[in-house]
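Summary of the model geometry
So the chains spell out like this:
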Amino acid sequence: MILEQKLRKKQYDQIWRQYCGFLDISLTEFMEIQNRLMLEQLELYADCELGRRILKEKRPASVSEYRRLVSLTSYEDYADILLSRVDSALPAKPVLWIETTWEGGKKPIKVAPYTESMLKSHKTNTIACLILATSNKKGHFTLRGGENFLYGMAQLPYLTGLVPHLISSELGVNFMPPTKEAAAMRFSQRNKVGFKMGLEKGVDLFFGMSSVVAKISDIFTLGGQSGDKLSILKVTPKMGYRLVKAWLNSKQGKSPIMPRDIWTLKGLICAGTDTASLRKRIEHYWGIRPLEIFGGTEPTCIATETWSKDGMVFFPDVCFYEFIPRSELEKNIDDPSYVPNTYLMDELVAGNEYELVISSFKGGAFARYRMGDIFRCLCLKKEEEGVNLPYFTYVDRHPDVIDLAGFTRITEGTINNALELSKLDIADWFAAKEFDEHNRAFLHLYVEVGFSGVQSAMTKEIIREHLSIYLRYVDTDYNDLKYLLGTDPLVISIIPAGTIRHFSDKSGRGLRKMNPPHFDVIELLKIARGEK
Amino acid sequence: MPFLEIFFWAVPIISLTSYCILMLFLSLSKKDRFIRLFMLVLAALIIWTASSLFMALQLYPGVLFWDRVMVMGMTAVPFLLFYFISVFTNSLRPLEIIFWGALTAVAMISNLLGHVVVDASVVTATMVYYGKLYTSPEYYYVLGKAAIPMYIFTAIIIFSMIIKARNNVRAGKITYGRVGPIVVGISILFIGVFLNLFPALGRYPVDILACFINAVLIMYAIYKHRMLELRLMVTKGIVYSVFAVLLTSVYIYTVFSLEKGIGSAYQNITPYFITLSALLVAIVFQPLYRFTTKLVDKMFYKAEYSRRQALKNFSVSISNKLDLHDMAAELIEAVQLAICAKEILLLLKHEEKEHYYVFATSSKIFRPDIIIKFDNPVVRWFISNNVSLTREELYYHTSLKSMWDKERKVIADLGIEVITPIKSGDDLIGVLMLTRKKNSTAYTLDDLDLLTYLGASSAIVFENARLFSRAQSDALIDSLTRLYNHRYFHLALQGQVKKVAGAELSLLLFDLDLFKLYNDLYGHWEGDKALEKVAAIMKRAAGQKGVACRYGGEEFAIILPYFDAKKAFDLAEKIRLEIEGAFLNTADVTQRFLTASAGVCTYPHAAADGEELLKRADLALYTAKNKGKNQTVVYTPHFDSSPGDINGSLSAGSANTATIYALTAAIDAKDHYTFGHSQRVAEYATVLAGAMGLDKPHLEIIKEAALLHDVGKIGIPEKILTKEGRLTDEEYEMVKKHVEMSITIIKHLPAMNHVIPAVIGHHERWDGKGYPRGLRGENIPLPARCLAVADAFDAMTSDRPYRAGLSVDIALKEIEKNMGTQFDPSVAGLFIKLVQEGAISVDKHRKMKNA
């Protein structure tokens, strides 16, 4: 029986157990599932080329042996097999390849194979997210089928494009715009059309990147509506009433119309690195607390918040999770040859930050793969919610990567590339991710101008203009960022020549190019200001 | 014509009765959405047939009125049925219903306004038949302008309904069995309606006849395919009574109609006919009544009826059964009767292999080779939960999320729909696996409850049966080797000889060579392990082709039906070599060594019956032993004339002696200083052992052991053996290895294996500080203890590269000093005494040395 039939039969308890039952298990049971599925994956690995390479031609008999034997991996370790899509070298036959950008221009895309079994669990977990998004109490949810679903995520071959296809097989919801039409549209056009349809028919569910949701809400609130004119004939009576009511209230109170004045959402799902900083604004606009979820091309959807929308819990059956503590991560950044220790879900300490390492289950490709995402473990369980699993919040990407709006990944390589192309005489630089007064993230590039630059006209505006153009050139995501959010999140600060070297001499260690520690930046700026 | 009259009256009456009965059933049943909707359909059908009857009866307010009411029913039926099918197949589209509903309403209003039937009447027609005058009622009606559109509309809606039903059947949303009869029935019904359009037929209630056929088909769908799950809310007694009344009415009416019809034609036979028809009713009524009550049972209590039967049969039959196979068959039969699954598998626990395996199935051809391991999450789930699992549930219980894809695939590939635990306390004894039901309906909660109940109630009995079966097999199975035992061997041998009916059957008899020595050397615990190892080899080699048994102590037998002597010999050799390989090819010489001898005899070529076969195989084995062991001998008739092959034995004996002397000469040639040492030790030790009262065979063993005790020195570098001055620690370690090397050499001479305990132990010390095994006290075999004293004495009294030989007195004192530490005090004491008494002559050997 599919979900829709169960909903029709009002089997709500059963549905909750089926999809959200993982929130009832103990940490011991969670680890048992993890271990057993990892052993299955080891069997699959042992019989394929990729697996044999990763396992160094050995057959680990236990998960701990596997962790001892296999080194931490990155996409480079898989690139030759995955990018050429060699099915026969994989642990199980993929039914789909999902794409994402890798590192801008240098390494354009990375792909990940999805097996049938992975898709099944991804479907179940996506539906769990949908149910939890419409829930504010354990066991209670308002998802009923037939909802209008404003879907503001990327289409296939990106991971988020799978969601409409997976959900449709279980539940009839009206995607706005409809999946087939959406496939032919650009990202911004899709959002516009979706909003317009939402104004005509109403919106019950909304899924979007936090940065995009916040931006669209800004435009909506400030501009009165999404831009395109409504066709009055297509507006349902209910929506007509709500629009008129919102307009009258707005005129009366002399306040702008907000999305919450027009729509009463059942659920709002957000994803992306900036969710934590934007969720309050989104909640203010939409009148509903967003449910944050976390996923990626390599692992699929792996974590969701619960009904309290306050911290994410990992799904037990998607990947095997290991965590590198922040202290180990720092050691590894300073000395790339250092092999950081990893810890398991039942070994974590609340309040600490960890980089996530995953190993795919169900025939996926990745083993001890460093995701480059940092989480903070909020607590080890929430007794008041009856959940005995650790809760996490997303912190940011690995310091080597500056992620803006959830869909750009700026690395040292990207910036060097842009600098080279720009032919600007930049002697030295470092970059940091910072936030403006509206909690919007931006890329702050601190530069030391070289000898010729000192002599010529090199203002920070000129540097910004140049770099902005070349960053857009080398990184298509950066280009999209500007196109979608309408802002150029690049800020340049010129610091006196020799400051970085001076800092290194003084502190006795080099300065990280990307996201140096906060206090290092303060010390460096003191030097730049000539403070003693 | 009486027939027409009966048709005119009886058809509407029977149809109406059928629908009323159905309506009665439904109204007495627990109602769900489907039943409520179907009751609406039935109501429309009742209006249709009742008004037709009232029309025939020309009841008030008149034929035209009832005709219009009939048309109302006729118009309502297609729409309601369309609605029912939509809901039933889960394909309800509100717009569709609104559309057809509106059209139906328009048709009804037109009918009420008189646009469909303008006029209607019943006339009595008269006709002459075989010279007699008959009367029969006939309809006459005039249709209005709206009639044709109404008929077209009806045709379209019926057609759409058929298409809808067909699409849903094709989409797998419902089985044909459940909607097919309804669709066919309604089609027939409306063919009847359309036939009414032709005045020649329209005079008769053809549509009502079709109505009756439809009623029968609906009953069939409910009865056979469980179209609706009916469960009565009243007692069966009431239902039976209502039925009895209804049937009686029908029969009385039938009798009277017949009497009226035929009686009027043949008045002179009327009294006989009445009696006859009453009798007929009596005869027909009883079985029909019984049929009806059974029908009620099946319609309303079908599931429960079967279940009750299944439970009743099962609880009776299992109470007096202990055989596991019988029990399994009973359980499967009970489940089959109650649930009607296509296939049922019973998996039972295999403690040793830690899995559940297919023990029995419902069909002979469907016996998949699957297992469920103990660590399968399903097993663990059943241990903490005591309910059946459906296929769907395998995907949504969180604790089952750790199932491997291949574990799910096994279940999916077999089409398993339900898994039921057979649990006794927390012990999961087995599981029942059921594929889909024969009628393709889904498993209900009641089904699952019943299965769980059957599983739980049979668990204890199954456990008992399992224990009984274990006990039974234990009586025939050797507890150590898990091979069949001596008792079973005799039963099997006789049975198999009979079974092959004159075809070949070979018997292999194996005996482990010098197993007693093995036990002495390594202890009985190691001996048992060796037996287990050998048994495993036998079992593997015999496989499904033969019966491997432990005949006795270290003797094994394999019965090989349809094996000729050649094949049997090859198999025996394979086993013998495997045993040799398993025990001989170990790097550590102090580890086990064991060989086996085999005798083969084949029936009927070399034996007339089982008894003779055994005797002759035994004779062949005896010959193999005498020929020097570790070999296979096939029985040939000449054995009988020379039992035991004495010559062979003798020749083997002389061959051994020659081997021993050759080896001794080899050592002597290598180590000149020890020249004659082995012979002297042999002499001393034999005298010593003789004085200790050992028998002749033991004396022989000690002599041979003494001769060979230093044979391992062949492998020690000559420079060490002949080194002048003290040996370094490393060199000493090397020299110590000669014991192990001796064993390495001797174990390749199966005929000499018996000397190994003495040889391997001749450097052991009474206090346990010796080598190579550090044995202590009487754990050191007696021959080895004798050898130790004799060896030490000769070593001390012989000249060595680094010192001259000690005198006999000093040597004896040295031995005396080490009594209780190095030497067995009683053996050493006796040795000293023998030397002092001259029983052991030392000078003779000195002379030999000097010469």
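Whatever comes next refers back to the structure up there.
Read on for an overview of the structure. (Residues numbered from 1 in each chain as written. Chains lettered and ligands numbered in written order. Predicted model: local features only at pLDDT ≥ 70, side-chain atom pairs only at ≥ 80, totals over all residues. Heavy atoms only, no water.)

Re the sheet that holds strand E18 (residues 490-494) of chain A
All names here are of chain A. Ordered by their spatial adjacency, three strands build an open sheet running E16-E17-E18, and the pairing between neighbours is mixed. The open sheet is flanked by strand E16 (426-435) and E18, the only strands paired with a single partner. Here the strands of the sheet are splayed against their neighbours by 25° on average, with no regard to which way each runs. Pairing analysis gives five bridges linking strand E17 (residues 441-449) to E18, with the strands arranged parallel. Looking across to E18, one finds that leucine 445 is bridged to isoleucine 492. (Pairing = 2+ DSSP bridges. Helix = DSSP H or I, 4+ residues; strand = E, 2+ residues; numbered from the N terminus. Axes fitted to C-alpha atoms, helices over the stretch in contact; angles between N-to-C directions.)

A few points about the interface of chain B and chain A
With 16 residues of chain B at the interface, the matching set in chain A holds 22 residues. Here chain B meets chain A over a buried area of about 1,700 Å², counting both sides, of which 44% is carbon and sulfur. Three residues, B:Tyr396, B:Lys401 and B:Trp404, lead the burial of chain B against chain A; their summed loss comes to 40% of the area buried on that side. Across the chain B-chain A interface, the total number found is six salt bridges. Across the pair A:Glu43 and B:Lys406 runs a salt bridge, and its minimum N-O distance is 2.9 Å. On the surface where chain B and chain A come into contact, there are 13 residue pairs in polar contact (both at pLDDT 80 or more). (Contact = heavy atoms within 4.5 Å. Buried area = accessible area lost by both parts, 1.4 Å probe. Salt bridge = Lys/Arg side-chain N within 4 Å of Asp/Glu carboxyl O. Polar contact = N/O pair within 3.5 Å; in protein donor to acceptor, adjacent residues only side chain to side chain.)

A look at the pairing of strand E3 (residues 148-152) of chain A
Residue and element names in this part refer to chain A. In terms of residue burial, E3 counts as a mostly covered element, since five of its five residues are buried. Of the two faces of E3, both are covered, the one formed by Asn148, Leu150 and Gly152 as well as the one formed by Phe149 and Tyr151. As paired strands, E3 and strand E4 (residues 174-176) are joined by three bridges and run parallel to one another. By the bridge assignment, leucine 150 is partnered in E4 with methionine 176. You can see the chain leave E3, run along helix H8 (residues 162-168) and come back into E4, and the turn it takes is right-handed. Bridge count for E3 against strand E5 (residues 205-209) is four bridges, and the pairing is parallel. (Buried < 20%, exposed > 50% of the residue type's maximum accessible area, 1.4 Å probe, protein only. Right-handed = clockwise from strand over helix to strand, strands pointing away.)

Considering the packing of helix H27 (residues 782-797) of chain B against helix H29 (residues 825-837) of chain B
Residue and element names in this part refer to chain B. Put simply, H27 and H29 touch, their axes get as near as 10 Å, and they point 45° apart. The angle between H27 and H29 places the two elements in the oblique class. Of the two possible hands of crossing, H27 and H29 adopt the one that is right-handed. Taken together, the residues of H29 that come into contact with H27 (itself represented by Leu782, Arg785, Cys786, Val789, Ala790 and Phe793) are Val827, Ala828, Phe831 and Val835. For the contact of H27 with H29, the class distribution of residues is nine nonpolar, no polar and one charged. (Parallel < 35°, antiparallel > 145°, perpendicular 65-115°, else oblique. Left-handed = near helix turned anticlockwise from the far one by under 90°. Nonpolar A, V, L, I, M, F, W, Y, C, P; charged D, E, K, R; others polar.)

Describing H27(B)
Taking 1.5 Å of rise per residue, 16 residues should cover 22 Å, and H27(B) covers 23 Å from first to last C-alpha, within 8% of that figure. Of all 16 residues in H27(B), 15 are buried, a share of seventy percent or more. (Expected span 1.5 Å × (residues − 1).)

Observations concerning the sheet that holds strand E12 (residues 596-603) of chain B
All names here are of chain B. Strand order in this open sheet of five strands is E10-E11-E9-E12-E13, and the pairing throughout is mixed. This sheet does not close on itself; its edge strands, each paired only once, are strand E10 (547-552) and strand E13 (632-634). Averaged over all pairs of adjacent strands, the angle between strand axes in this sheet comes to 20°, irrespective of strand direction. The sheet contact formed by E10 and strand E11 (residues 555-561) spans five bridges and is antiparallel. Paired with alanine 548 across the two strands is isoleucine 558, which belongs to E11. Sheet strands in contact with helix H16 (residues 486-500) are strand E9 (505-512), E10, E11 and E12, and its direction is about 135° off that of E10. Against the sheet, helix H19 (residues 610-626) engages E9, E10, E11, E12 and E13, with an angle of about 145° to E12.

Focus: the side chain of B:Asn214
Residue and element names in this part refer to chain B. Positionally, asparagine 214 belongs in helix H8 (residues 206-225). Here the side chain of asparagine 214 touches tyrosine 19 through a polar contact of 3.3 Å, side chain to side chain. Among residues more than four places away in sequence, those in contact with asparagine 214 are Tyr19, Leu45, Ile182, Gly185, Ile186 and Leu189.

Describing a nonpolar patch on the surface
Residue and element names in this part refer to chain A. Taken together, the side chains of Val244, Trp247 and Leu248 present a nonpolar region at the surface, about 310 Å² in accessible area. In this fold, valine 244 is placed in helix H12 (residues 237-253). Under the relative-accessibility criterion, valine 244 is labelled partly exposed at 46%. (Patch = residues over 30% accessible without salt bridge, like charges linked within 9 Å, V, L, I, M, F, W, Y side chains within 5 Å. Areas by Shrake-Rupley, 256 points an atom, 1.4 Å probe, with all protein chains shown as cover.)

Side note on the nonpolar core
Ranked by size, the top nonpolar core spans 156 residues in total, and within it A:Leu82, A:Trp263, A:Trp286, A:Phe314, A:Tyr321 and A:Leu356 carry the most contacts. Dropping the residues within four chain positions of it, A:Phe314 is found in contact with A:Phe22, A:Phe30, A:Ile302, A:Ala303, A:Tyr321, A:Phe323, A:Met345, A:Leu356, A:Phe375 and A:Phe392. Counting residues in each nonpolar core, the second largest holds 77 residues, with B:Leu531, B:Ala682, B:Val711 and B:Val827 among its members. (Core = buried A, V, L, I, M, F, W, Y, C linked by side-chain atoms within 4.5 Å.)

What to know about the packing of aromatic side chains
All names here are of chain A. Under the definition given, this model contains 44 aromatic pairs over all chains. Between tyrosine 12 and phenylalanine 141, the ring centres sit 5.8 Å apart and the planes meet at 90°, which makes this aromatic pair edge-to-face. Of this pair, tyrosine 12 sits in helix H2 (residues 12-20) while phenylalanine 141 is found in the loop between helix H7 (116-133) and E3, placing the two residues 129 residues apart along the sequence. Here tyrosine 12 falls in the partly exposed class, since its relative accessible area comes to 22%. Accessibility expressed as a relative area gives 6% for phenylalanine 141, which makes it buried. Above the ring of tyrosine 12, the side-chain terminus of arginine 144 is found at 4.0 Å from the ring centroid. The ring of tryptophan 429 carries the charged tip of lysine 513 above its face, separated from the ring centre by 4.9 Å. (Phe/Tyr/Trp six-rings, centres within 6.5 Å; stacked < 30°, edge-to-face > 60°. Lys NZ or Arg CZ within 6 Å of the ring centre and 35° of its normal.)

Focus: unusual backbone geometry
The omega torsion across A:Met176 and A:Pro177 is -5°, close enough to zero to call that bond cis. Tracing the sequence through the fold places A:Pro177 in the loop between E4 and helix H9 (179-183). The step from B:Tyr771 to B:Pro772 runs through a cis peptide bond, and the omega angle for that step is 5°. Its location among the elements puts B:Pro772 in the loop between helix H26 (756-760) and H27. The residue A:Glu57 is not glycine, and still its phi comes out positive at about 60°. Residue position: A:Glu57 is located in the loop between helix H4 (49-54) and helix H5 (63-69). Of note, B:Asn630 is a non-glycine position whose phi angle comes to about 45°, a positive value. Topologically, B:Asn630 is positioned in the loop between H19 and E13.

Re helix H14 (residues 275-286) of chain A
Taken together, the buried positions of H14(A) are A:Thr275, A:Ser277, A:Leu278, A:Arg279, A:Arg281, A:Ile282, A:Tyr285 and A:Trp286. Count one or two residues on from H14(A) and you reach A:Gly287, which has phi positive near 70°.

Some points on the pairing of E10(B)
With five of six residues buried, E10(B) is to be regarded as a mostly interior element. Here E10(B) folds back onto E11(B), and the loop between the two strands holds two residues.

Digging into the state of the cysteines
All names here are of chain A. Counting across every chain of the model gives zero disulfides over all chains. The thiol sulfur of cysteine 129 is not disulfide-bonded, and the nearest other cysteine sulfur, from cysteine 301, lies at 3.9 Å. Owing to a relative accessible area of 2%, cysteine 129 belongs among the buried residues under this scheme. (Disulfide = S-S within 2.5 Å.)

Description of the pattern of salt bridges
Enumeration according to the criterion identifies 58 salt bridges over all chains in this entry. Residue A:Arg279 pairs with A:Glu305 through a salt bridge whose shortest N-O separation is 2.8 Å. You can see A:Arg279 sitting in helix H14 and its partner A:Glu305 sitting in strand E8 (residues 300-305), a full 26 residues away along the chain. One salt bridge connects B:Arg93 with B:Glu96, and the closest N-O pair in it is separated by 3.5 Å. Salt bridges here are not isolated pairs; linked through shared partners, they connect A:Arg326, A:Glu330, A:Asp334, A:Glu353, A:Arg376 and A:Arg512.

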